[in-house]
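The residues making up each chain are set out below.
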Amino acid sequence: MNIIETHELTKYYVRPGLKKRQTMGIEQVSFAVRRGEIFGFLGPNGAGKTTTMRILLDLIRPTGGTASVLGLDAQKDTVEIRRHVGYIPGEILFYEGMTAGDLLRYYEQLMGAPATRKGELVSLFDIPLDRPVKTFSKGMKQKIAIVQAFMHDPELVIMDEPSSGLDPLVQQRFYDFLLRERASGKTIFLSTHILGEAQRVCDRVAIIRKGRIAAIEDVAELRAKSGKRITVTFEGPVDEADIMTPEVRDVAPLEDGYVLHTGSRVTKTLRRIAALPVADISIEETSLEDIFMHYYDGDGDV
Amino acid sequence: MVMAMFEITRHEIRQKRKGIVTFSLFVFFFGIMMVAAFETLGAGLDMDELFESYPAFVTELFGKSIVSFGDFGSFITVEYLQWVWYLIVPAYLALFCAGSIAGEVERKTADILLSYPVSRQRVVLEKFLAAGAPVLLINGMGLAAILVGAAAVDVAFEARWAVYAFMQATPFLLVWVGAFTLLSVLVYNEKTVSTLSIGAVFGLYVLDVVSRLVEGVSFLGYVSPMHYYDPGRAMALNIVAWGGSIVLVAAAVALAFGAAYVFTRRDISG
């Protein structure tokens, strides 16, 4: 049994108004998440990641297609499903006038079962239980959201852009935490627009753009497609041939330099560049957009 | 977990406890003030003579079911019960209820709430019940003010008429709660819902008045909850009839379940 399974899931949003207008949320989205894996939905903002997750939790209803979670129908059996699922939404807002401890206790009551891991997680994420929630920073609220999602030790945790708002150190601790959870048998379905995050924690990713899935791949394949983007400007005219190495997959000229896309290895290329009169250089991770440009055609179809 | 029920109700009450207590105290002290006003004005001043000089419709407007202003029950009906229970309390409940669902969806706290194993129906019905707390407390405070006040100024007044009036006030107020809850699941904007709700309170009050004063449109009154609850009947006329209350109970239940049904069908915009 797949932990999550969707078939041709489609959602059109109806815009209110005199003329009935529809906007497409997602279209023909089909994928499956296996038990014990960390599966990522990778795509830019507005791609349809949140829409898909909200359908799985019956917060919104699909226009077409089917979705099942833990073998149960996502719409018909939603209350039963939610007994075994934790959720971290994209935007975290809590009730005013409560302390962190009150909040977690309320959620524990709503689950109708003891939150067996509450103590462990509260220490792990350093949650000050007596402080009122409204005094918390975005990062702290994110941590409370993580605790409430995991404290009942659910089989599946769905998280929408879970590391947004976390500072880099906490982010790393969070990724380590996710990997440990997976090791203990949990299934995690997360969404992100950050390629590096998907590569760090996911086993497989579905690449989604403009409401459609472009590809479903093992992270290893994704790594093979990504690499570095080097933007270099020179003090004098430099021939393209002077910087080309087998590492370079793509080169685009600038007025006074080049933008190079390489694989993950850059040694030869950097040596070549270093020998030349460099005015300025910046090296970044390949962006999601770059990958789309090179490996999937413009509008997200494979 | 032993108490696996009504967590949402209890949470809602806890969140709004300050407002509930403050408003209930206001209702109590306003009541005491009105009893004091009766003591000062009522016995001496002949409001009846004053009223006779006005055109008939003014008498109708204020004196729906009263005996005379010299009578304690009538005075309290006009100066306290009609103002407070017809207008002020429903307006307070409008603000109480508007945020209950529309506010949660708007503020996105509904997202985590509905990620827990609670059905949409349960959310609506538990929030409806939560408003029962201020309704009961406000009615209790009103009753206390009248009885305490009457005893303090030594007015001869049979307590049971006030008890009936407040018993009947409960389904009346719950109809408002039902209507506001229904609005709260239809429009996911707290400000709009509060405005519409308070508008409905005043609008239906006017409708009730118009239905009684204008020739040939008495049928309009059937839509207004005020048509089914008249505190003066018990307080002043000492008549107790439960027909209106039965209609109001049925309406409140229908509105609550109607709201639950609507909420079950809608998307929670994210």
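Here's what I pulled together on the structure shown here. (Residues numbered from 1 in each chain as written. Chains lettered and ligands numbered in written order. Predicted model: local features only at pLDDT ≥ 70, side-chain atom pairs only at ≥ 80, totals over all residues. Heavy atoms only, no water.)

Once that is clear, we can look at the overall build of chain A. Secondary structure assignment for chain A yields eleven helices and 14 strands. Here chain A holds 302 residues, and 50% of them are scored as buried. Look at the contacts in chain A between residues 6 or more apart in sequence, and 68% of them connect residues 24 or more apart. Accessible surface computed for chain A: about 13,600 Å², of which carbon and sulfur atoms make up 51%. (Helix = DSSP H or I, 4+ residues; strand = E, 2+ residues; numbered from the N terminus. Buried < 20%, exposed > 50% of the residue type's maximum accessible area, 1.4 Å probe, protein only. Contact = heavy atoms within 4.5 Å. Areas by Shrake-Rupley, 256 points an atom, 1.4 Å probe, with all protein chains shown as cover.)

Residues and elements named next belong to chain A. Spatially, four strands are ordered β12-β13-β11-β14 in an open sheet, and the strand pairing comes out antiparallel. Bordering the open sheet on either side are β12 (248-253) and β14 (278-285), each of which pairs with just one other strand. Here the strands of the sheet are splayed against their neighbours by 15° on average, with no regard to which way each runs. Relative to β14, strand β11 (residues 228-234) runs antiparallel, the two being bridged by seven bridges. Across the sheet, residue K228 finds its bridge partner in β14, namely E285. In the packing of helix α10 (residues 267-274) onto the sheet, contacts are made with β11, β12, β13 (257-262) and β14, and the angle to β11 comes to roughly 10°. (Pairing = 2+ DSSP bridges. Axes fitted to C-alpha atoms, helices over the stretch in contact; angles between N-to-C directions.)

The subject of this paragraph is the packing of aromatic side chains. Residues and elements named next belong to chain B. Taken as a whole, this structure holds 30 aromatic pairs over all chains when the rule is applied. What links up through ring pairs into an aromatic cluster is the set F23, F26, F30, Y80, W85, Y92, F96 and F166. Positioned over the ring face of F96 is K16, at 4.5 Å from the centre of the ring. A cation over a ring is seen here: R266 above Y188, with NZ or CZ 4.0 Å from the ring centre. (Phe/Tyr/Trp six-rings, centres within 6.5 Å; stacked < 30°, edge-to-face > 60°. Lys NZ or Arg CZ within 6 Å of the ring centre and 35° of its normal.)

All names here are of chain A. Summarising the sheet, strand β1 (residues 4-15) and strand β4 (residues 64-69) pair through five bridges and their orientation is antiparallel. In the sheet register, H7 faces β4, and the bridge partner there is T66. Pairing of β1 with strand β2 (residues 21-33), which is carried by nine bridges, proceeds in the antiparallel orientation. Across the sheet, E5 pairs through a bridge with A32, a residue of β2. Linking β1 to β2, which pair antiparallel, is a turn of five residues; within it G17 sits at a positive phi near 155°.

For the rest of this paragraph, the subject is the layout of surface pockets. The calculated volume of the second largest pocket comes to roughly 300 Å³. Y95(A), E96(A), Q15(B), R107(B) and T109(B) are, among the 19 residues lining the second largest pocket, the residues nearest its centre. Contributing elements (two or more residues each) for the lining of the second largest pocket: α1 (7-15) and α5 (72-107) of chain B. It is α5(B) that provides the largest number of residues to the lining of the second largest pocket, a total of six residues. Here the lining of the second largest pocket is built from residues that sort into six nonpolar, five polar and eight charged. (1 Å grid on protein atoms, 1.4 Å probe; cavity = no way out; pocket = protein on both sides within 12 Å on 5 of 7 lines; lining within 4 Å. Points joined across faces, edges and corners; volume = space filled by probe spheres on them. Nonpolar A, V, L, I, M, F, W, Y, C, P; charged D, E, K, R; others polar.)

What follows covers the interface of chain B and chain A. Each partner contributes residues to the interface: chain B has 27 residues there, and chain A has 32 residues. With both sides pooled, the region where chain B packs onto chain A buries about 2,800 Å², and carbon together with sulfur makes up 56% of that total. Counting the contacts that link chain B with chain A gives three salt bridges. Put simply, K11(A) and D267(B) hold a salt bridge, and the shortest N to O gap is 2.7 Å. Along the contact surface separating chain B from chain A lie 16 residue pairs in polar contact (both at pLDDT 80 or more). Residue assignment for the side of chain B that touches chain A shows that the elements contributing at least two residues are α1, α5, α6 (109-113) and α12 (243-265) of chain B. (Buried area = accessible area lost by both parts, 1.4 Å probe. Salt bridge = Lys/Arg side-chain N within 4 Å of Asp/Glu carboxyl O. Polar contact = N/O pair within 3.5 Å; in protein donor to acceptor, adjacent residues only side chain to side chain.)

Right, let's talk about helix α8 (residues 132-152) of chain B for a bit. Residue and element names in this part refer to chain B. In a regular helix each residue adds 1.5 Å, so 21 residues correspond to 30 Å; α8 covers 30 Å between its end C-alpha atoms and thus fits that length. The complete set of buried residues in α8 reads G132, P134, V135, I138, N139, G142, L143, A145, I146, G149 and A150. Immediately beyond the C-terminal end of α8, within one or two residues, lies D154, with a positive phi of roughly 60°. (Expected span 1.5 Å × (residues − 1).)

Moving on: the pattern of salt bridges. Residues and elements named next belong to chain A. Considering all chains together, one arrives at 30 salt bridges over all chains under this definition. R117 is the partner of E120 in a salt bridge, and the nearest nitrogen-oxygen pair spans 2.8 Å. Measuring nitrogen to oxygen at the nearest pair gives 2.3 Å for the salt bridge that ties D203 to R182. Residue D203 is located in the loop between α7 (195-201) and β9 (204-209), and its partner R182 is located in helix α6 (residues 168-183); the two are separated by 21 residues in the primary sequence. If you follow the salt bridges from partner to partner, you end up with R117, E120, D153, E181 and K186 in one network.

We now examine helix α1 (residues 49-56) of chain A. Residue and element names in this part refer to chain A. Most of α1 is tucked away, with seven of its eight residues classed as buried. Every buried residue of α1 is listed here: K49, T51, T52, M53, R54, I55 and L56. Just past α1, the residue D58 takes up positive phi, approximately 60°.

What follows concerns the nonpolar core. If you look at the biggest cluster of nonpolar residues, it comprises 97 residues, and the most contacted ones within it are Y107(A), F150(A) and F189(A). The next biggest cluster of nonpolar side chains, apart from the first, holds 54 residues, and it includes V35(B), F75(B), L87(B) and Y205(B). (Core = buried A, V, L, I, M, F, W, Y, C linked by side-chain atoms within 4.5 Å.)

Moving on: a nonpolar patch on the surface. All names here are of chain B. On the surface, V21, L25, F29 and L137 cluster together into a nonpolar patch covering about 350 Å² of accessible area. Here the nonpolar patch gets three residues from one element, more than from any other, and that element is helix α2 (residues 17-42). With respect to the secondary-structure elements, F29 resides in helix α2. (Patch = residues over 30% accessible without salt bridge, like charges linked within 9 Å, V, L, I, M, F, W, Y side chains within 5 Å.)

Residues and elements named next belong to chain A. The mixed open sheet is built from six strands, whose spatial order is β6-β7-β8-β3-β9-β10. For this open sheet the edge positions go to β6 (85-88) and β10 (212-218), each flanked by a neighbour on one side alone. Along the sheet, successive strands turn relative to each other by an average axial angle of 15°, direction set aside. The pairing of strand β3 (residues 38-42) with strand β8 (residues 187-192) spans five bridges and is classified as parallel. Each bridged residue has a counterpart across the sheet, and for G40 the counterpart in β8 is L190.

With that out of the way, let us pick up the packing of helix α3 (residues 100-111) of chain A against α1(B). Viewed as axis vectors pointing N to C, α3(A) and α1(B) meet at an angle of 155°, and their least axial separation amounts to 10 Å. Of the possible angle classes, the one that applies to α3(A) and α1(B) is roughly antiparallel. Contact residues: Y106(A), Q109(A) and L110(A) in α3(A); E7(B), I8(B) and H11(B) in α1(B). When its residues are assigned to classes, the contact of α3(A) with α1(B) shows three nonpolar, two polar and one charged. (Parallel < 35°, antiparallel > 145°, perpendicular 65-115°, else oblique.)

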